[in-house]
Amino acid sequence: MAKQGNYARKTDWQGRFFASLAGVVSAGLLFGVAELFSGFFGPAASPLTSVGATFIDFTPAWMKNFAIATFGTNDKLVLLISLVIGAVILAAVAGLLARKNIMAGASAVVAFAVVMGLCVISRAGADILDLIPLVLGTAAGLWALRLLIRAISTRQGTSAETEQEGQSDLNTGTSRRAFLVRSAALAGVAVVVGLGGRALTSARNTTVAFREALKLPSAKSKAAALPAGVQGPVEGVTPFVTANKDFYRIDTALVPPDVDPTSWSLRVHGMVENEFTMTFDELLAQDLVESYVTLTCVSNIVGGNLAGNAKWLGYPLREVMARAKPKDGADMVLSTSIDGFSASTPLPALQDDREALLAVGMNGEPLPVDHGFPVRMVVPGLYGFVSATKWVVDLEVTTFEQMSGYWTSRGWSSHGPIKTASRVEVPRALARVPAGKVAIGGSAWAQQSGISKVEVQVDNNGWQLATLADEASIDTWRQWSYYWEGATSGTHKVQVRAYNGAGEMQIEKQAPPEPDGSTGWHSITFTVE
Ligand SMILES: Nc1nc2c(c(=O)[nH]1)N[C@H]1C(S)=C(S)[C@@H](COP(=O)(O)O)O[C@H]1N2
Ligand SMILES: [Mo]
């Protein structure tokens, strides 16, 4: 009896495992088939992309905060992995239900598909046809589920009989093999069609080729040549100009939107005398200017690396506003991306003499797709979440009272002036350096104000004046260096603090990024050998 009970339990676990596997393989087929067809529709048509994007939109501020603080620019990879884990669990549940009752399993699949359909249809720019790949995928998934669950049921039938005879064929049965062969075949098909779909999508994407062939006009007003000494003397400090490939990337797009410049246009409207739209060619025909601006993300933690400095080429937003003629009472411009992200920028920042740009070029080439191709905003002095809209297509002149940007609706501030920040870059945290003279260096920034002074403290000795590298402009970061003579062996701490152009000291109190940017002095520890 006990032996039989044992077999029964074993049967149950194996049955459950196979049913779960059937669910997961069916879900794989669903996504694979949907991916295959999604290339023929808009970007929202891929359920993977749309579900991921919706998940991102509903991510609470604290979780975004946590993800970026913990994983930095790998936050998307982590999100993808969590989504895959979630999908596997739900698919397994559908498989388990199907084993008990095929209709129950099928209903679960349909219910998940409906939720995914809502994600697809609610994406910016999606239309009803974008549901077709999901519908086809769901049909394939249901078909696979039925096929696999049937294989299990047959197997169970056999095992029930054999069990009565006191033996089990669960580990060797031909039906078990049949089930596994079918599962493997379907999983293979899912992977092939899924990858094929992705390849098809990128083959149909002409934007990359267009970007490669694009020759941007040169600037009417060139950026002033960088002073020779912008890069400080300490080896290992972040390069003054960030290469495009090294520039941090933060956005809500799982897959960067594919924007065709030939059909791109910018709509300028709202509380203005003169609404207008502008095509890419019209934009390139304007007098473009070039300027170095250090961009920083509000999610940057103290000492973090969500900051980059590039030479931007673009059309001053001041000119765009002059043409639109904002009406009295307007105090904000809501810029919207083709993928639905939006940012609220104070109107004066787009009218005063700072170089706020509708940027088309970054470090001498067209904007990389990840950084907003074909057109993005760059506004000196404001965090990216309230100013730096990538893939921008719409500027609405409005008020802070009437409208709010993407992150403001999710608990972040409506305004985002950049706070004075500094960080120690050399030595690296926990580095081991030889005794004697230790080179210490890093960067500091206070866009629109500039850096007037940096001080360094080693252990708990007094604050020492650091040497500032040359300043390119008040809108770029500034490097600093300090040589600690006679370093003694042991573990030491170095801390840094900066002063902005008005002589105001960087805030000492530690605060997290949410809701309007982190504060606190950065320190690291290192060991002198
Ligand atoms: N379309 C779009 N633009 C966006 C964002 C976004 O999520 N979507 N994120 C903003 C934020 S929070 C920052 S910090 C900057 C980052 O620009 P980068 O990725 O080029 O460094 O882009 C801004 N522009
Ligand atoms: Mo950001």
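What counts and how
Residues numbered from 1 in each chain as written. Chains lettered and ligands numbered in written order. Predicted model: local features only at pLDDT ≥ 70, side-chain atom pairs only at ≥ 80, totals over all residues. Heavy atoms only, no water. Phe/Tyr/Trp six-rings, centres within 6.5 Å; stacked < 30°, edge-to-face > 60°. Buried < 20%, exposed > 50% of the residue type's maximum accessible area, 1.4 Å probe, protein only. Near = heavy atom within 4 Å. Polar contact = N/O pair within 3.5 Å; in protein donor to acceptor, adjacent residues only side chain to side chain. Areas by Shrake-Rupley, 256 points an atom, 1.4 Å probe, with all protein chains shown as cover. Nonpolar A, V, L, I, M, F, W, Y, C, P; charged D, E, K, R; others polar. Axes fitted to C-alpha atoms, helices over the stretch in contact; angles between N-to-C directions. Helix = DSSP H or I, 4+ residues; strand = E, 2+ residues; numbered from the N terminus. Parallel < 35°, antiparallel > 145°, perpendicular 65-115°, else oblique. Contact = heavy atoms within 4.5 Å. pLDDT = per-residue confidence, 0-100. Pairing = 2+ DSSP bridges.

(A) Layout of the packing of aromatic side chains. According to the stated counting rule, one finds twelve aromatic pairs in the structure shown. For the pair Trp407 and Trp412, a centre-to-centre distance of 6.4 Å together with 65° between the ring planes defines the contact as edge-to-face. Neither Trp407 nor Trp412 differs from the other in exposure class; each is buried. Through a chain of ring-to-ring contacts, three or more aromatic side chains come together here, namely Phe341, Phe385, Tyr406, Trp407 and Trp412.

(B) Region of the structure containing the site of ligand 1. Neighbouring residues of ligand 1: 19 residues in total, closest Tyr248, Thr252, His371, Arg376 and Lys390. A distance of 3.2 Å separates a nitrogen atom of ligand 1 from a polar side-chain atom of Ser337. Arg376 is positioned such that a nitrogen or oxygen atom in its side chain is 2.7 Å from an oxygen atom of ligand 1. When ligand 1 is considered free in solution it has 530 Å² of accessible area, and contact with the protein chains removes 100% of it. A per-class count over the shell around ligand 1 returns nine nonpolar, five polar and five charged.

(C) Spotlight on the packing of helix H4 (residues 75-100) against helix H5 (residues 102-121). Taken N-terminus to C-terminus, the directions of H4 and H5 make an angle of 155°; their axes are 5 Å apart at the nearest point. Taken together, the axes of H4 and H5 lie roughly antiparallel to each other. Each of Leu90, Ala94, Leu97, Ala98 and Lys100 in H4 lies in contact with H5, whose residues at this interface are Ile102, Ala104, Gly105, Ala108, Val109 and Phe112.

(D) Layout of the confidence of the model for the protein. Here the protein shows a mean pLDDT of 91. Residues at 70 or above account for 94%. Counting interchain partners and residues more than four positions distant, the pLDDT-below-50 stretch residues 1-8 has five contacts. Low pLDDT, under 50, characterises residues 155-172; the stretch is placed with 29 contacts to residues that sit more than four places away or in other chains.

(E) Structural detail: the pairing of strand S19 (residues 522-528). With five of seven residues buried, S19 lies mostly within the body of the structure. Direction of pairing for strand S18 (residues 490-500) relative to S19: antiparallel, over a ladder of seven bridges. Paired with Val496 across the two strands is His522, which belongs to S19.

(F) Highlighting the side chain of Asp57. Position of Asp57 among the secondary structure elements: in helix H2 (residues 47-57). Engagement of the side chain of Asp57 in a polar contact is seen with the side chain of Tyr406, the distance being 2.3 Å. Setting aside residues no more than four positions away along its own chain, Asp57 makes contact with Arg123, Tyr406 and Arg410.

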